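# Chain and residue survey
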Amino acid sequence: MEPLSRIPHPQSRIPTLKAAVLASGRGSNLQALIDARGDGRLPVDIVLVAGDKAQALALRRAEAAGIPTLALDPSGYASREAYDADLFARIAASGAELVVLAGFMRILDASVLGAWSGRIINIHPSLLPKYTGLHTHRRVLAAGDDEHGCSVHFVTAELDGGPVLAQASIPVLRGDTPGTLAERLLAHEHRLLVATVAAIAAGRFTHGTEGVLHDGDVLQAPLQLHDGELRAATA
Ligand code: GRF
């Protein structure tokens, strides 16, 4: 019998998209991608996990999965532009075709974004365009909203302002705190990110001069995640 190490991985014959993930903290969204890749749900090779904090749990998760990591300390750079230029030069050198921001707590300089237009996505914990920026769970509760959610969008120079590809929604429950809301939403973030990256890897989303195309048609509204599937929003 062939030794286990010489048997090709069942996914190895499927063309894979090379992705880099940027993360500053806990890395649970990164872990969702790693797990989905591991059990064959995501034909994506994570070629690099990079971050601005050497102690981030995200980097430990990547190391445990055998993924190359890069911790780049911003304090060693004269400007945001210089930091981002170096970071994205290293990302390009990794061979990544897609960059996934998964809890990367830095605003990217516009100077690096042009070359990566349509190839950088971010997961944000709100139903964009509502609640860009921080403290989204607290702000949803303060506003008395009965619905909350998460969005995956293409990254542009406008903070959390790029075109939204897909969203998942959850009800706000009586007695919710920012903590309970964040925790309940997180499981949906993981599913939404995996489903959206899978759709990108399958070539279903593209970004051109006419905007975002999904299956060749201009995306009029973000897709919605239902039962693990991305579907067109119902009017
Ligand atoms: C998530 O809530 C994500 O939406 C936001 O930052 C958080 C990152 O969590 N951008 P984790 O590091 O993936 O656990």
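Above this text is the structure in question.
Reading the values: the criteria
Residues numbered from 1 in each chain as written. Predicted model: local features only at pLDDT ≥ 70, side-chain atom pairs only at ≥ 80, totals over all residues. Heavy atoms only, no water. 1 Å grid on protein atoms, 1.4 Å probe; cavity = no way out; pocket = protein on both sides within 12 Å on 5 of 7 lines; lining within 4 Å. Points joined across faces, edges and corners; volume = space filled by probe spheres on them. Nonpolar A, V, L, I, M, F, W, Y, C, P; charged D, E, K, R; others polar. Buried < 20%, exposed > 50% of the residue type's maximum accessible area, 1.4 Å probe, protein only. Helix = DSSP H or I, 4+ residues; strand = E, 2+ residues; numbered from the N terminus. Arc of directions from axis to C-beta. Contact = heavy atoms within 4.5 Å. Axes fitted to C-alpha atoms, helices over the stretch in contact; angles between N-to-C directions. Parallel < 35°, antiparallel > 145°, perpendicular 65-115°, else oblique. Left-handed = near helix turned anticlockwise from the far one by under 90°. Salt bridge = Lys/Arg side-chain N within 4 Å of Asp/Glu carboxyl O. Near = heavy atom within 4 Å. Polar contact = N/O pair within 3.5 Å; in protein donor to acceptor, adjacent residues only side chain to side chain. Areas by Shrake-Rupley, 256 points an atom, 1.4 Å probe, with all protein chains shown as cover. Sits in = over half its atoms within 2 Å of the grid points. Core = buried A, V, L, I, M, F, W, Y, C linked by side-chain atoms within 4.5 Å. Phe/Tyr/Trp six-rings, centres within 6.5 Å; stacked < 30°, edge-to-face > 60°.

## Some words on empty space enclosed by the protein
- In this structure the tally under the stated criterion is one cavity of 30 Å³ or more.
- Estimates place the volume of the largest cavity at around 30 Å³.
- Surrounding the largest cavity, Ser126, Leu127, Lys130, Tyr131, Val140, Asp145, Glu147 and His148 form its lining.
- Of the residues contributing to the lining of the largest cavity, the split by class is three nonpolar, two polar and three charged.

## What to know about helix H2 (residues 57-64)
- Within H2, the full set of buried residues consists of Ala58, Leu59 and Ala62. For H2, the buried positions fall inside an angular range of 95° around the axis, keeping them on one side.
- Against helix H1 (28-38), strand E2 (44-51) and strand E3 (69-71) lie the buried residues of H2.
- Phi turns positive one or two residues past the end of H2, at Gly66, with a value near 75°.

## Brief notes about the packing of H1 against helix H6 (residues 178-201)
- At their nearest, the axes of H1 and H6 sit 9 Å apart, and the two run at 50° to each other. As judged from the angle between their axes, H1 and H6 are oblique. H1 and H6 meet at a crossing whose hand is right-handed. Counted together, Ser28, Asn29, Ala32, Leu33 and Ala36 of H1 and Leu186, Glu189, His190, Leu193, Val194 and Val197 of H6 form the full contact between these two elements.
- The residue inventory of the contact of H1 with H6, partitioned by class, reads seven nonpolar, three polar and one charged.

## Concerning the pattern of salt bridges
- A full pass over the atoms with the stated rule returns nine salt bridges.
- Between Asp39 and Arg41 there is a salt bridge; the shortest N-O distance is 2.9 Å.
- You can call Arg41 partly exposed: its relative accessible area is 48%.

## Some thoughts on the site of the ligand
- Lining the immediate surroundings of the ligand are Arg26, Gly27, Ser28, Asn29, Gly103, Ile123, His124, Pro125 and Glu189.
- Residue Gly27 places a main-chain N or O atom 2.8 Å away from an oxygen atom belonging to the ligand.
- One nitrogen or oxygen atom from the side chain of Glu189 is found 2.7 Å from an oxygen atom belonging to the ligand.
- Out of a free accessible area of 370 Å², the ligand has 86% covered by protein chains.
- Given that more than half its atoms are within 2 Å of the pocket grid, the ligand belongs to the largest pocket.
- Split into classes, the residues belonging to the shell around the ligand amount to two nonpolar, five polar and two charged.

## Structural notes on helix H5 (residues 136-143)
- Among the residues making up H5, those that are buried are Thr136, His137 and Val140. Projected down its long axis, H5 carries its buried residues within an arc of 100°, all on one side.
- Residues of H5 that are buried sit in contact with strand E5 (120-124), strand E6 (147-154) and H6.
- Residue Gly144 follows H5 closely and has a positive phi angle near 75°.

## So, the nonpolar core
- If you look at the biggest cluster of nonpolar residues, it comprises 47 residues, and the most contacted ones within it are Leu33, Ile46, Val100, Ile121 and Val197.
- The dominant element in this core, judged by the number of residues it contributes, is H6, at nine residues.

## Brief notes about the packing of aromatic side chains
- Under the counting rule described, the total for this entry stands at two aromatic pairs.
- Relative to Tyr83, the ring of Tyr77 lies with its centre 5.2 Å away and its plane at 90°, an arrangement referred to as edge-to-face.
- Ring geometry for Phe88 and Trp116: centres 5.8 Å apart, planes at 65°, overall edge-to-face. Pair noted here: Phe88 is in helix H3 (residues 80-93) and Trp116 is in the loop between helix H4 (110-113) and E5, with a separation of 28 residues, a long-range link.
- A residue is classified by how much of its surface remains accessible, and Phe88, at 4% relative accessible area, is buried.

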